[in-house]
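Architecture and fold: a report
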Amino acid sequence: MNRAQLDKQPDDVASMFDDVASRYDLTNDVLTFGLARTWRRTVAHSVAAGPGERVLDLAAGTGTSSMTFTHHGAEVVAGDISQGMLTEGRRRHPKIDFIYADAMDLPFSDASFDVVTISFGIRNVNDVDTALAEMLRVLKPGGRLIICEFSTPTFDPFSLVYKEYLMRALPAVAKAVSSNPEAYVYLAESIRAWPDQDEFAQQILGAGFDQVKHRNLTGGIVAVHHALKPGANTTAAER
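Worth saying up front: this structure is predicted, and the values here are computed from it rather than measured. (Residues numbered from 1 in each chain as written. Predicted model: local features only at pLDDT ≥ 70, side-chain atom pairs only at ≥ 80, totals over all residues. Heavy atoms only, no water.)

1. Thoughts on helix α5 (residues 83-92)
Within the span of α5, buried status applies to M85, L86, E88 and G89. Down the axis of α5, the sector holding all buried residues measures 165 degrees, keeping them to one side. Among the exposed residues of α5, those oriented more than 90 degrees off its buried face are T87 and R91. (Buried < 20%, exposed > 50% of the residue type's maximum accessible area, 1.4 Å probe, protein only. Helix = DSSP H or I, 4+ residues; strand = E, 2+ residues; numbered from the N terminus. Arc of directions from axis to C-beta.)

Below is the structure:
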């Protein structure tokens, strides 16, 4: 199957990303007019990974984002469900630990990471609530959750132009540069189906996280959500 449906079965999503692994980063740079690199820098700043910290980067793809978290001495585990992405990532970044990791059933012990982050991947998960519960489980008390995802532009006239680009121009551009253009038709559809910033923030709160906030990038095309796992001494009334 070349194009995942909006029910987002893991095998279908993995197969779709297997097909685009070799040119994935190039295609993203073209489709976002280079903004993807700026967004990754913002995520790296939000993660703020320090020496001795352990970071889980989910939907890591080829490890482009994972590399940014190693610059200040953090240990990074790059997780993905696409074997094609994992293979390409290991080839490019042999010093990073690439592991098959389904966000809905993470192969890690409780409280084993200081940070969990996922960029442009959570909307591809079949059950987001289950994935958030798993992220909460593997974080240490007080650990940080950073989620970067496409979102809803905050300026209505721009939002209309953006949606037209998604459904018309994006697939056309992808056809010229991607090895699987149909994957980017799915990309456009999944972005339009994703909840807005406030709705997703409430979903994160509902999963048990604390201090949930978000930052809009590029007029709300992308939003970075930041949350904490409640500490061991945090009571329910304080959350």
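2. Overview of the nonpolar core
Core analysis: the largest hydrophobic core is formed by 28 residues, its most contacted members being I122, M135 and L145. Those elements that place two or more of their residues in this core are β1 (54-58), β4 (113-119), α6 (128-138), β5 (139-150) and α9 (197-206). Take this core: its biggest share by element is six residues, from α6. Each residue touching M135, except ones within four places of it in the same chain, is listed here: L58, L106, V116, I118, I122, L145 and F209. Counting 22 residues, the second largest nonpolar core, distinct from the first, contains F69, C148, Y162 and V222. (Core = buried A, V, L, I, M, F, W, Y, C linked by side-chain atoms within 4.5 Å. Contact = heavy atoms within 4.5 Å.)

3. As for the pairing of β4
The side chains of a regular strand alternate between the sheet's two faces. For β4, a buried count of seven out of seven residues is recorded, marking the element as mostly surrounded by other parts of the structure. In this structure, β1 lies alongside β4, joined through four bridges in parallel fashion. Bridge assignment links D57 to a residue of β4, and that residue is T117. Direction of pairing for β4 relative to β5: parallel, over a ladder of six bridges. Considered in β5, the bridge of S119 is made with C148. Handedness of the crossover joining β4 and β5 through α6 is recorded here as right-handed. (Pairing = 2+ DSSP bridges. Right-handed = clockwise from strand over helix to strand, strands pointing away.)

4. Description of helix α3 (residues 35-47)
For α3, which comprises 13 residues, the first-to-last C-alpha distance of 18 Å matches the rise-based estimate of 18 Å (1.5 Å per residue) to within 8%. Where α3 is concerned, the buried positions are A36, W39, T42, V43, A44, S46 and V47. Directly beyond the C-terminal end of α3, a positive phi value near 50 degrees is found at A48. (Expected span 1.5 Å × (residues − 1).)

5. A look at the sheet that holds strand β3 (residues 97-100)
Pairing in this open sheet of seven strands is mixed, and the strands run β3-β2-β1-β4-β5-β7-β6 from one edge to the other. The sheet is open, and its two borders are formed by β3 and β6 (210-217), each paired with just one other strand. Averaged over all pairs of adjacent strands, the angle between strand axes in this sheet comes to 20 degrees, irrespective of strand direction. (Axes fitted to C-alpha atoms, helices over the stretch in contact; angles between N-to-C directions.)

6. A closer look at the environment of R144
The residue R144 is located in strand β5 in this model. Owing to a relative accessible area of 16%, R144 belongs among the buried residues under this scheme. For R144 and D114, which are 30 residues apart along the polypeptide, the C-alpha to C-alpha distance reads 6.4 Å. Not counting residues up to four positions away in its chain, the partners in contact with R144 are V47, A48, A49, E53, D114, V115, V116, L139, H226, A227 and L228. A distance of 2.8 Å separates a polar atom in the side chain of R144 from the backbone oxygen of V47. (Polar contact = N/O pair within 3.5 Å; in protein donor to acceptor, adjacent residues only side chain to side chain.)

7. With respect to the side chain of K229
Turning to its location among the elements, K229 is positioned in the segment after β7 (222-228). Salt bridges are absent for the buried K229, whose nearest opposite-charge side chain, D110, sits at 7.2 Å. At 2.7 Å, the side chain of K229 forms a polar contact with the backbone oxygen of L139. Not counting chain neighbours up to four residues away, the residues in contact with K229 comprise L136, R137, L139, K140, P141, G142, G143 and F209. (Lys, Arg positive; Asp, Glu negative; His and termini not counted. Salt bridge = Lys/Arg side-chain N within 4 Å of Asp/Glu carboxyl O.)

8. Structural notes on the pattern of salt bridges
A full pass over the atoms with the stated rule returns eight salt bridges. E75 is paired through a salt bridge with R54; the nearest N and O atoms lie 3.4 Å apart. In this pair, E75 sits in strand β2 (residues 75-80) while R54 sits in strand β1, placing the two residues 21 residues apart along the sequence. Of the residues examined, E75 reaches a relative accessible area of 44% and is grouped as partly exposed. A relative accessible area of 25% means that R54 is categorised as partly exposed. Residues participating in the shared-partner salt-bridge network are E88, R91 and R92.

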